[in-house]
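# Residue-level structure breakdown
Spelled out, the chains give:
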Amino acid sequence: MGTIAVHGEEDGNYKVPQPENLHIQKEELDAGALFVLKSKGSWIHCGYHLTTSIVAPPLLSLPYAFTFLGWGGGISCLIIGAFITFYSYNLLSLVLEHHAHLGHRQLRFRDMANHTLGPRWGRYYVGPIQFTVCYGAVVASTLLGGQCMKAIYLLSNPNGTMKLYEFVIIFGCLMLMLAQLPSFHSLRHINLISLLLCLAYSACATAGSVHIVGNSSKEPKDYSVNGDTEDRVFGIFNAIAIIATTYGNGIIPEIQVYLQPTNEVLERTFADPESKEFSARNVIPRVFSRSLSVIIATTIAAMLPFFGDINSLIGAFGFMPLDFILPAVFFNLTFKPSKKSYIFWLNTSIAVVFSALGVIAAIAAVRQISLDAKTYRLFANV
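Residues numbered from 1 in each chain as written. Predicted model: local features only at pLDDT ≥ 70, side-chain atom pairs only at ≥ 80, totals over all residues. Heavy atoms only, no water.

### Notes on the overall build of the chain
A tally of regular secondary structure across the chain gives 12 helices and two strands. Its helices and strands in sequence order give the chain the pattern β-β-α-α-α-α-α-α-α-α-α-α-α-α, from N to C terminus. Taken across its 382 residues, the chain has 46% of its residues classed as buried. Partitioning the intrachain contacts of the chain with sequence separation of at least 6 by distance along the chain shows that 81% fall at a separation of at least 24. Surface summary for the chain: the accessible area is close to 19900 Å², and the carbon and sulfur share equals 68%. (Helix = DSSP H or I, 4+ residues; strand = E, 2+ residues; numbered from the N terminus. Buried < 20%, exposed > 50% of the residue type's maximum accessible area, 1.4 Å probe, protein only. Contact = heavy atoms within 4.5 Å. Areas by Shrake-Rupley, 256 points an atom, 1.4 Å probe, with all protein chains shown as cover.)

Structure (structure tokens):
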């Protein structure tokens, strides 16, 4: 998937280690890596996981982002985000390959941060951000599942009296069962079904849109962005954060599928790598911790059912650093390209620009939440 070659002894302005000259050290894996981050799958399984993680709830909030950007701005941001994300994934892949050649296979994003930036950065910056992002994705998924169930319910029963929080709880029960699947690898069949459903959804959405356009009136539609100058400016940064969230769900090397990244943290904390994975010593803490985690996420989703605002805040706070800023920083610190090279300045420019965008987008997200707070109500039936 790379566009930057790193296979020679020297390539450009940085050196690539040769595996035959290296002493490969065997590192002891903790319970999280041993039980959750299993590496038994093939490249096609990786495709299932990536599709499921990228075609995630934030994708459905893109129409909300387009209300701030308009068609031209929205499509432009999607294209730019796609190119930069693809470039960032290439950088991360090269860094991972570099450390693998050195005998240090890194299974987690925070492991890469620990090695590149130092233990404090990994523990107190990258780790908390990634955990918040992963857990926020669980809350958002549960909320969206409840909203979809309510929409189907109202289509079949327009006068129904069931509230949104009831559907969120029902969907949370499904998440409770999925959370008990022990590892990424155990999700491969579910994610294959998810891939097929994503393709079916895309086909139905496309066909439905074509049908509606063909049968709608010929009067011109107004797609202009509403609001005063201040609202438009902050809305643009809000939308950028949402788009960052959409692309960030496929972050390498960890993939956010259901609760597994969060489960990996729980497993590392409570499990014993010296005992068998399905021993009573590990099964009882696993069931308890994962169930409690889902119950808390479901409660939050039912209490705060405001999907768009949550997405923009998560995008600004978490996905911009993880998806756009840190890959460029990791690459420059790992390979140390010459300051005269285009790669150094390209990576530096991406890191600086998206750092500024992240700060402004975070302010815009908090502002939007404060404006919408007037209509917020716990367990609202939206």
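### With respect to empty space enclosed by the protein
In total, this model carries one cavity of 30 Å³ or more according to the counting rule given. The computed volume of the largest cavity comes to approximately 40 Å³. Residue lining of the largest cavity: Leu266, Glu267, Phe270, Ala271, Asn282, Pro285, Arg286 and Ser289, and that is the complete set. Secondary-structure elements contributing two or more residues to the lining of the largest cavity are α9 (260-270) and α10 (280-303). The element best represented in the lining of the largest cavity is α10, accounting for four residues. Tallied by class, the residues present in the lining of the largest cavity amount to four nonpolar, two polar and two charged. (1 Å grid on protein atoms, 1.4 Å probe; cavity = no way out; pocket = protein on both sides within 12 Å on 5 of 7 lines; lining within 4 Å. Points joined across faces, edges and corners; volume = space filled by probe spheres on them. Nonpolar A, V, L, I, M, F, W, Y, C, P; charged D, E, K, R; others polar.)

### So, the confidence of the model for the chain
Counting all residues, the mean pLDDT for the chain is 81, and 88% of those residues have values of 70 or more. Overall, residues 1-27 carries pLDDT values under 50, and its contacts beyond four positions in sequence, including any with other chains, amount to 54 contacts. (pLDDT = per-residue confidence, 0-100.)

### Notes on the pattern of salt bridges
This model, assessed by the stated rule, comprises nine salt bridges. For arginine 108, the salt bridge goes to aspartate 30, with nearest N and O atoms at 2.7 Å. Residue arginine 108 is found in the loop between α3 (62-101) and α4 (109-117), and its partner aspartate 30 is found in the loop between β2 (14-15) and α1 (31-36); the two are separated by 78 residues along the sequence. Comparing arginine 108 with aspartate 30 shows no difference in burial state: the two are buried. One salt bridge connects arginine 286 with glutamate 267, and the closest N-O pair in it is separated by 2.8 Å. Placement of the pair is arginine 286 in helix α10 and glutamate 267 in helix α9, with a sequence separation of 19 residues. Taking the relative accessible area as the measure of exposure, arginine 286 reaches 5% and is therefore buried. (Salt bridge = Lys/Arg side-chain N within 4 Å of Asp/Glu carboxyl O.)

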